[in-house]
Structures are given as C-alpha cells and as structure tokens.
Amino acid sequence: FVVREPTIQAVLPSVQKTFWTNVFGPIFCGKTLLAKSLCAELHLRPFWIRFHGKSGDVANLLLQRGLLEISDATNTSSLNDICECVAIRLKDTNCLVLDDSPELAQNLDLTATLAALGHACERHGARLISTSTFQLPQAVLTHFANPPQNIASPPFEISECAALLRAFGAAEDVVARCAPLVSVT
C-alpha cells in the first residue's frame, strides 16, 4: 500500500538518477511518508536514522553512532572506513534514510560526515534518502560527480489525504470532512 502514488510516480525518475535524494519541504507536508513510499516502490529495505529536533552537533553524533552500528566496524576504525562498510552493506537492496535532517549549512562537522558517507555511497552504488525542511546546500552538492537531488515534497492532495485516512480506518463521513482540511493545495 503506497499512499502518495501520484507523487511517487512524479518524482521517481529524478530519484532513480542519483544515489542521494533529499526530500525537502515544510513541516507536515509528507516528507517522511514520501521517503517510506520511495523505499517501497524501489523495493529497498531501509535503515533509519531520525534526527527530529536535534541540533547539528547531536545529529552528527547520532549519525556517526548509527553508521558504526550499521557497518559492524570497531570504534577504532576511521570514519572513511566505516562509511565504506556502510556503503557496501547498503548497495543493491538496502538504503539509509536520514529523517528530519537539520540544516547542514550551519554545521561543518555534520556536513563532513555526510560528505564521507556520500562519497562511499556514490562509489559503491548505495542509496541515501534524506528528509529535511532544508535543501542540501550547494557546498554539499558540488562534492560529487553525480550530485544529490533536492526534491520538493509537494503538499498532500485531497485524494492522498483521503487515502491515508481510509488506510487508518476512518469512516467515510470523517474522510469527507477532514481530507480537505489536511490538504494545503
């Protein structure tokens, strides 16, 4: 079951062109749901690291801890070695979703960690999907031969809101009253 089917089909060609897709947009526009739906559409098993409300410094620590766990490397391994192990593990059927990423332009350490991860993923054909209220900054995009894609998450359409409400068992009268309220189109 994929709720955002029209949106998925619209963004899928862009997602398939690159190893890293950043889905950005305002709060509650469906970025995380879009990331989940993309993983399902591409038949990928995602590893999730969620940064909701975390500062760049805390997000960097969470990311490094998550990468270490995914890689099965030791604490004494270098960041580049850990990222290589992660990329090898991700390629083919897995992906890494970085959910609710903070603004990168304000944190050089987090940007450096993501650049190391991105380079390893680009080399091994592994896939990254990030969600954020921010676009990836130009300083990150220019690091790669095949630059990551910033894709704006369109707001929920009324039909998507209705499908989501029905998926959670809402009665039709509730769907009829609420779907237009949730949609911002």
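Residues numbered from 1 in each chain as written. Predicted model: local features only at pLDDT ≥ 70, side-chain atom pairs only at ≥ 80, totals over all residues. Heavy atoms only, no water.

Asks: Please provide a residue-by-residue account of the overall build of the chain, values included.
Replies: Regarding its fold elements, the chain presents 8 helices and 5 strands. From first element to last, N terminus to C terminus, the chain shows the α and β order α-β-α-β-α-α-β-α-β-α-β-α-α. When its C-alpha atoms are laid out on the principal axes, the chain stretches across 60 × 30 × 30 Å. When each of the 185 residues of the chain is scored for burial, the buried share is 45%. Put simply, 77% of the contacts in the chain that link residues at least 6 apart link residues at least 24 apart. Total accessible area on the chain is roughly 9400 Å²; 57% of this is exposed by carbon and sulfur atoms. Each charge class in the chain was averaged separately, 14 positive and 17 negative side chains, and the resulting centres sit 3 Å apart. (Helix = DSSP H or I, 4+ residues; strand = E, 2+ residues; numbered from the N terminus. Buried < 20%, exposed > 50% of the residue type's maximum accessible area, 1.4 Å probe, protein only. Contact = heavy atoms within 4.5 Å. Areas by Shrake-Rupley, 256 points an atom, 1.4 Å probe, with all protein chains shown as cover. Lys, Arg positive; Asp, Glu negative; His and termini not counted. Charge placed at Lys NZ, Arg CZ, Asp CG, Glu CD.)

Asks: Hey, could you go over helix H2 (residues 31–41) for me, with residue numbers and the actual values?
Replies: Residues lying three or four places apart along an α-helix face the same way, a consequence of the helix completing one turn every 3.6 residues. Within H2, the full set of buried residues consists of Lys31, Leu34, Ala35, Ser37, Leu38 and Cys39. Buried residues along H2 sit against helix H1 (5–16), strand S1 (20–24), strand S2 (45–50), strand S3 (94–101) and strand S4 (127–132). Of the residues flanking the end of H2, it is His43, one or two places downstream, whose phi is positive at about 55 degrees.

Asks: Give me the lowdown on the sheet that holds S2, citing residues and values where you can.
Replies: Spatially, 5 strands are ordered S2-S3-S4-S1-S5 in an open sheet, and the strand pairing comes out parallel. Each end of this open sheet is capped by a strand with a single partner; those strands are S2 and strand S5 (149–152). Taken over all neighbouring pairs, the strand axes of this sheet differ in orientation by 20 degrees on average, direction set aside. With 5 bridges connecting them, S3 and S4 associate as parallel partners. Of the residues in S4, the one forming a bridge with Leu96 is Leu128. Contacting S1, S2, S3 and S4, H2 runs over the sheet at an angle of about 165 degrees to S4. (Pairing = 2+ DSSP bridges. Axes fitted to C-alpha atoms, helices over the stretch in contact; angles between N-to-C directions.)

Asks: Got a sec to walk through the layout of surface pockets? Specific residues and values, please.
Replies: The computed volume of the largest pocket comes to approximately 430 Å³. Along the walls of the largest pocket sit 19 residues, with Ile27, Phe28, Lys31, Thr32 and Asp100 positioned nearest its centre. For the lining of the largest pocket, the element with the highest residue contribution is H2, accounting for 3 residues. For the lining of the largest pocket, a count of residues per class yields 8 nonpolar, 7 polar and 4 charged. (1 Å grid on protein atoms, 1.4 Å probe; cavity = no way out; pocket = protein on both sides within 12 Å on 5 of 7 lines; lining within 4 Å. Points joined across faces, edges and corners; volume = space filled by probe spheres on them. Nonpolar A, V, L, I, M, F, W, Y, C, P; charged D, E, K, R; others polar.)

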